[in-house]
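Below, each chain spelled out in residue letters.
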Amino acid sequence: MNSEFLPYGRQNINDKDIKSVIEVLKSDFLTQGKVHKEFENQISKKVKSGFCVSFNSATSALHIACMALNLKKGDYLWTTPITFVASANCARYCNAEVDFVDIEEKTGLMAPELLEQKLINASKEGKLPKIVIPVHLAGASCNMPKIYELSKIYGFHIVEDASHAIGGSCNNYAVGSCKYSDITVFSLHPVKIITSAEGGLATTNSSRLCKRMRTLASHGITKDQEDFVGKNFENWIYEQQELGFNYRLSDVHAALGLSQLERLDYFVDKRNNIADFYKNEFSKLPIKTLEPYDYVRSTYHLFIVQLEDDYTKHHEYIFNYLRGNGIGVQLHYLPVHLQPYYIDLGFSQGNYPLSEKYSKKSFSLPIFPSLKEEDIIRVIALMKDIFCKIIS
Ligand SMILES: *Cc1c(COP(=O)(O)O)cnc(C)c1O
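Nothing here was measured: the structure is a model prediction, and the numbers come from that model.

Undergrad: Sorry, what's going on with the pairing of strand S14 (residues 303-307) here?
TA: A regular strand places its side chains on the two faces of the sheet in alternate fashion. The element S14 is largely enclosed, with a buried count of five among its five residues. On S14, burial covers both faces: Phe303, Val305 and Leu307 on one face and Ile304 and Gln306 on the other are all buried. Here S14 pairs with strand S15 (residues 362-365) via four bridges, running antiparallel. Each residue of the ladder has a partner; that of Val305, found in S15, is Phe363.

Following this line, the structure appears as structure tokens:
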């Protein structure tokens, strides 16, 4: 018996990745050399975006995306409760208010109908959001055509939190192409589709937004003489024009990301194959898997299952049973509005009933490219065991 603990996700590092990082370590520039530029260019090429800016995390990228879109005190940013806290925290860094749009049961994604209803109400109260952040949960794109259409009517910006979704698509447009958004953000954390250890990316088709993000991620400094506002600057001097941060991705990290990018399609195919295998095996169990829209290709960053209504009371038991048997199940996510920080801001249980219901019946099973067939079979056998136990 294989009793190794299986995490829900795990990075995939090969010899070429290691070699790429070592090469940069032996070179003259550990940061801000050519490698992060090359990485940005290759990402733009891959997702067909006009521009790409690299960051030291997706959290940094989200913060700067909000700043570049002038999110300020008194403004509203809307996102979904079923996401990692960073999707909401970026508004708080800008002293803006956060609000949430509840989800669809079938996809777990921000519900466009609820977004529309909330926009109608907000419009009457004069509290329309400046930015909406749809989150492509588990790697499946939100209904971007509809959200984009609403943005044109109600005048908000869209930042896609595609931390899970690099390599995915919506209507055959690569996620990151910004066909339906101002900016798209990817995470390169080790559990995500490709990694740079820590790292993030923001893509856009606006040269103005690209420039602004680059400046803000580097102290608010510009070295572009054409943009200087002062008169006494010589060739070798830079100008700090506003308060920025040091959020840049180092070349050491970028080298890992660049090497990983070569295997992006392979990773996404592999994840889709595992997902198909799981779905087929689970078809007779009292669970539903999150279903991407038929015009979406998911990356299956996560494989999330939902218990059918009669079984939700066993959620904790099932979770603990799998954990006890070495399967690193996880809840993605506890609704953000129920985190103590957000409760202190005035949110409470009952605010977003669909998200709250979702979190009481969902869990993620292991899925990652190097997951072995015997381990997939072990997960499936345990899942079948549990329901036998519960029914008997
Ligand atoms: C991982 C993640 C982030 C943050 O990514 P970091 O690169 O770790 O900062 C943001 N949003 C979502 C949905 C994520 O899963």
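Continuing now.
Undergrad: Sorry if this is basic, but what is going on with a nonpolar patch on the surface here?
TA: Taken together, the side chains of Ile13, Ile18, Ile22, Leu25 and Leu30 present a nonpolar region at the surface, about 420 Å² in accessible area. Position of Leu25 relative to the elements: it lies in helix H1 (residues 15-25). Relative accessible area serves as the criterion here: at 49%, Leu25 is assigned to the partly exposed category.

Undergrad: How do you make sense of the packing of aromatic side chains when you look at a structure like this?
TA: Going through the model one piece at a time under the given rule, you end up with 16 aromatic pairs. Pairing Phe100 with Tyr352 gives two aromatic rings, centres 5.6 Å apart and planes at 70 degrees, and the pair type is edge-to-face. Residue Phe100 is located in strand S3 (residues 97-100), and its partner Tyr352 is located in the loop between helix H11 (340-344) and helix H12 (353-359); the two are separated by 252 residues in the primary sequence. The class for Phe100 is buried, based on a relative accessible area of 1%. The interplanar angle of 50 degrees and the centroid separation of 5.9 Å between the aromatic rings of Tyr266 and Phe267 together place this pair among those described as tilted. Taken together, Phe100, Tyr341, Tyr342, Phe347 and Tyr352 form an aromatic cluster joined through their ring pairs. A cation sits over an aromatic face here: Lys118 above Trp78, 5.3 Å from the ring centre.

Undergrad: Help me understand the site of the ligand in this model?
TA: Not every one of the 16 residues close to the ligand is listed here, only the nearest: Thr59, Asp161, His164, Ser187 and Lys192. Residue His164 places a side-chain N or O atom 2.7 Å away from an oxygen atom belonging to the ligand. Here an oxygen atom of the ligand and a side-chain polar atom of Lys192 are 3.0 Å apart. Elements represented by at least two residues in the shell around the ligand include exactly helix H3 (58-68) and helix H4 (86-93).

Undergrad: Even after reading the chapter, I still don't get the packing of helix H9 (residues 264-282) against helix H13 (residues 373-391), so can you show me in this structure?
TA: Each pair of packed helices gets described by two things: the angle between the helix axes and the distance between those axes. Where H9 meets H13, the axes come as close as 11 Å, and the angle between the chain directions of the two elements is 25 degrees. With respect to H13, the element H9 is oriented roughly parallel. Two packed elements cross with a definite hand, and for H9 against H13 that hand is right-handed. Residues Ile274, Phe277, Tyr278, Glu281 and Phe282 of H9 form the contact with H13, whose own contacting residues are Ile376, Val379, Ile380, Met383 and Lys384. By residue class, the composition of the contact of H9 with H13 is eight nonpolar, no polar and two charged.

Undergrad: Even after reading the chapter, I still don't get the pattern of salt bridges, so can you show me in this structure?
TA: If the charged atoms of two oppositely charged side chains come close together, the side chains can form a pair. Within this structure, the stated rule accounts for 18 salt bridges. Across the pair Glu291 and Lys279 runs a salt bridge, and its minimum N-O distance is 3.9 Å. With Glu291 in the loop between strand S12 (287-289) and strand S13 (296-297) and Lys279 in helix H9, this residue pair connects regions lying twelve residues apart in the sequence. The exposure class assigned to Lys279 is partly exposed, which follows from its relative accessible area of 23%. One salt bridge connects Lys357 with Asp309, and the closest N-O pair in it is separated by 3.8 Å. Here Asp309 lies in the loop between S14 and helix H10 (315-324) and Lys357 lies in helix H12, a separation of 48 residues in the sequence. By relative accessible area, Lys357 is classed as partly exposed at 36%. Salt bridges sharing partners connect three or more residues here, namely Glu105, Asp309, Lys357 and Lys361.

Basis of the calculations
Residues numbered from 1 in each chain as written. Predicted model: local features only at pLDDT ≥ 70, side-chain atom pairs only at ≥ 80, totals over all residues. Heavy atoms only, no water. Buried < 20%, exposed > 50% of the residue type's maximum accessible area, 1.4 Å probe, protein only. Helix = DSSP H or I, 4+ residues; strand = E, 2+ residues; numbered from the N terminus. Pairing = 2+ DSSP bridges. Patch = residues over 30% accessible without salt bridge, like charges linked within 9 Å, V, L, I, M, F, W, Y side chains within 5 Å. Areas by Shrake-Rupley, 256 points an atom, 1.4 Å probe, with all protein chains shown as cover. Salt bridge = Lys/Arg side-chain N within 4 Å of Asp/Glu carboxyl O. Phe/Tyr/Trp six-rings, centres within 6.5 Å; stacked < 30°, edge-to-face > 60°. Lys NZ or Arg CZ within 6 Å of the ring centre and 35° of its normal. Near = heavy atom within 4 Å. Polar contact = N/O pair within 3.5 Å; in protein donor to acceptor, adjacent residues only side chain to side chain. Axes fitted to C-alpha atoms, helices over the stretch in contact; angles between N-to-C directions. Parallel < 35°, antiparallel > 145°, perpendicular 65-115°, else oblique. Left-handed = near helix turned anticlockwise from the far one by under 90°. Contact = heavy atoms within 4.5 Å. Nonpolar A, V, L, I, M, F, W, Y, C, P; charged D, E, K, R; others polar.

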